[in-house]
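# Secondary and tertiary structure notes
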Amino acid sequence: MDSRVLPSSVPTDAPDEVSERLLPKELSDPILEGEKNHLLSPEQNGVLGRVSSALGSGKREMFSRSFHGSRPCCGDDSDLEDGDLPKRREKVLHCCRPVKIPNQALLSGFAYCLSSCSMILINKYVLSGFDFNAGISLMLYQNFVSVVIVTFLSKLGLVSTEPLTWRLIRIWFPVNAIFVGMLVTSIFSLKFINVAMVTVLKNIANVMTAIGETYLFKKHHGVKVWTALLLMIISAISGGATDLSFHAVGYSWQILNCFLTASYSLTLRRVMDIAKHATKSGNLNEFSMVLLNNVLSLPLGILLTVSFKELDYLAKTPLLKMPIFWLVITLSGLLGLAISFTSMWFLHQTSATTYSLVGSLNKIPLSVAGILLFKVPTSLENLLSILFGLLAGVFLAKAKMK
């Protein structure tokens, strides 16, 4: 996810024996050096001792400069031969070992929840608050912002990205088509459905993902998991039946979005493993995948924009002349980059089902915020259905944790 200190071929969580292979041979075994000295005469030892001391000092300085720059590691200027060499070497390895981030699964899950929650609210604000009727163009601009930011950071050397080759594009294109469909259907459904019902209906994607994992990957789910999924289905049906702002078109888009979301979750991890072999480094980090996803979405987005005749609407709408509108949609583009990055980061740490279910805990504040911010007309029956579905999501999360 970030630029690494070690080369890309060496993982940051590599064991000590891998790190030791990066050390020069001169520091590897002082006992053997002593054995060699005993085979020489005193005069040879005296001459060679001075020569080897000078050469050793030069090599140690070259190693220090190549591994850590012009300054010695940890600011230690003392010669390694002055003290106990094994202890010194252990200290060097300990100081220069890359820092590990604990609980990456929890951290990535929280980042994914925060970015996805913010993304839903701001998209709803753009589509309903501004009454913007070009959802595909909104998605296209958001992905363009992500491409610009990642490319800029890559040019500055702050992040590392893999070059886009035709082989890599051919492997990634199918999952990218699903990605674009998932974004477009999500925007279309938000135009007609309130945020609270969207969060409940998204539970259908959890059911589809669990079924797909069972049949495609032979993954076993316990009775509690299937019970929670059944409760989610019941809450979605009851929520739709009691929704005062029910819109058939919006619900159709949302069901299609659930199918594409489940497909994306199930195919992304397998495609990531295959795509690694198509890169020069043999690795595909999160920023490379974000860049790849968003770059490939641009031609698809342009094609869909022309197909849905959004260019005529864009030429007539006065919203494009409002600076505040551009500020809001640019912010949505930043959140689009965040959700792309955090979703891939989180999927690296967990399974597809956990990835699709982790949002269950943040759906409660999201639903409340959606109802209050957009003043959604609702009834007691609908609120109970929404609460029932959200609690089913929490129950499912606990069942998955066990």
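Calculation rules
- Residues numbered from 1 in each chain as written.
- Predicted model: local features only at pLDDT ≥ 70, side-chain atom pairs only at ≥ 80, totals over all residues.
- Heavy atoms only, no water.
- Helix = DSSP H or I, 4+ residues; strand = E, 2+ residues; numbered from the N terminus.
- Contact = heavy atoms within 4.5 Å.
- Areas by Shrake-Rupley, 256 points an atom, 1.4 Å probe, with all protein chains shown as cover.
- Axes fitted to C-alpha atoms, helices over the stretch in contact; angles between N-to-C directions.
- Left-handed = near helix turned anticlockwise from the far one by under 90°.
- Nonpolar A, V, L, I, M, F, W, Y, C, P; charged D, E, K, R; others polar.
- Phe/Tyr/Trp six-rings, centres within 6.5 Å; stacked < 30°, edge-to-face > 60°.
- Buried < 20%, exposed > 50% of the residue type's maximum accessible area, 1.4 Å probe, protein only.
- Salt bridge = Lys/Arg side-chain N within 4 Å of Asp/Glu carboxyl O.
- pLDDT = per-residue confidence, 0-100.
- Core = buried A, V, L, I, M, F, W, Y, C linked by side-chain atoms within 4.5 Å.

### Some details on the overall build of the protein
- Along the protein, the regular secondary structure elements total 17 helices and zero strands.
- Put simply, of all contacts in the protein between residues at least 6 apart along the chain, 85% involve residues at least 24 apart.
- Total accessible area computed for the protein in this model is approximately 21,600 Å², and 67% of it derives from carbon and sulfur atoms.

### Here's the deal with the packing of helix α6 (residues 135–155) against helix α12 (residues 286–307)
- Taken N-terminus to C-terminus, the directions of α6 and α12 make an angle of 145°; their axes are 8 Å apart at the nearest point. Two packed elements cross with a definite hand, and for α6 against α12 that hand is left-handed. Between α6, through Ile136, Ser137, Met139, Leu140, Asn143, Phe144, Ser146, Val147, Val150 and Thr151, and α12, the contact on the second element is made entirely by Phe287, Val290, Leu291, Asn294, Val295, Ser297, Leu298, Gly301, Ile302, Leu304 and Thr305.
- Here the contact of α6 with α12 is composed, by residue class, of 13 nonpolar, eight polar and no charged.

### Regarding the packing of aromatic side chains
- The tally for this structure, following the rule as stated, stands at ten aromatic pairs.
- With a centroid separation of 5.2 Å and 75° between ring planes, the pair formed by Tyr125 and Phe130 is classed as edge-to-face.
- Looking at Tyr125, the relative accessible area reads 39%, which means it is partly exposed.
- For Phe130, a relative accessible area of 13% corresponds to the buried category.
- When the centroid spacing of 5.5 Å and the interplanar angle of 75° are considered together, the rings of Tyr141 and Trp326 count as edge-to-face. Of this pair, Tyr141 sits in helix α6 while Trp326 sits in helix α14 (residues 323–349); the two residues are 185 residues apart in sequence, bridging distant segments of the chain.
- Using a relative accessible area of 22% as the deciding quantity, one classes Tyr141 as partly exposed.
- By the ring-pair criterion, three or more aromatic residues cluster together here, those being Tyr125, Phe130, Phe132, Tyr313 and Phe325.

### Considering the pattern of salt bridges
- Overall, the coordinates contain two salt bridges when judged by the stated rule.
- One salt bridge in this structure joins Asp131 and Lys191, with 2.9 Å as the shortest N-O distance. Here Asp131, found in the loop between α5 (104–129) and α6, pairs with Lys191, found in helix α7 (residues 166–192); they are 60 residues apart in sequence, far enough to count as distant.
- Judged by relative accessible area, which is 22%, Lys191 ranks as partly exposed.
- Of the charged contacts, one joins Lys219 and Glu213 as a salt bridge, the two residues approaching to 4.0 Å between their closest N and O atoms.
- With relative accessibility at 28%, the residue Lys219 sits in the partly exposed group.

### Considerations on the confidence of the model for the protein
- Residue-level pLDDT values for the protein average 75, and 71% of them are 70 or greater.
- Here residues 1–82 scores under 50 on pLDDT; set against residues more than four positions off or in separate chains, the count is 59 contacts.

### A few points about the nonpolar core
- With 69 residues, the main nonpolar core has Phe132, Trp172, Tyr264 and Leu268 as its most contacted residues.
- Element by element, the count of residues in this core is highest for α7, at twelve residues.
- Not counting residues up to four positions away in its chain, the partners in contact with Phe132 are Val126, Leu127, Leu138, Lys191, Tyr313, Leu314, Leu319 and Phe325.
- In this structure, Val225, Met232, Ala392 and Ala399 belong to the second largest nonpolar core, which totals nine residues.

### Looking at unusual backbone geometry
- In the Ramachandran plot, Asp131 falls in the positive-phi region, its phi being about 55° despite a non-glycine side chain.
- A positive phi angle, near 55°, is found at Lys309, a position not held by glycine.
- Mapped onto the secondary structure, Lys309 falls in the loop between α12 and α13 (310–316).
- The exposure class of Lys309 is exposed, given its relative accessible area of 62%.

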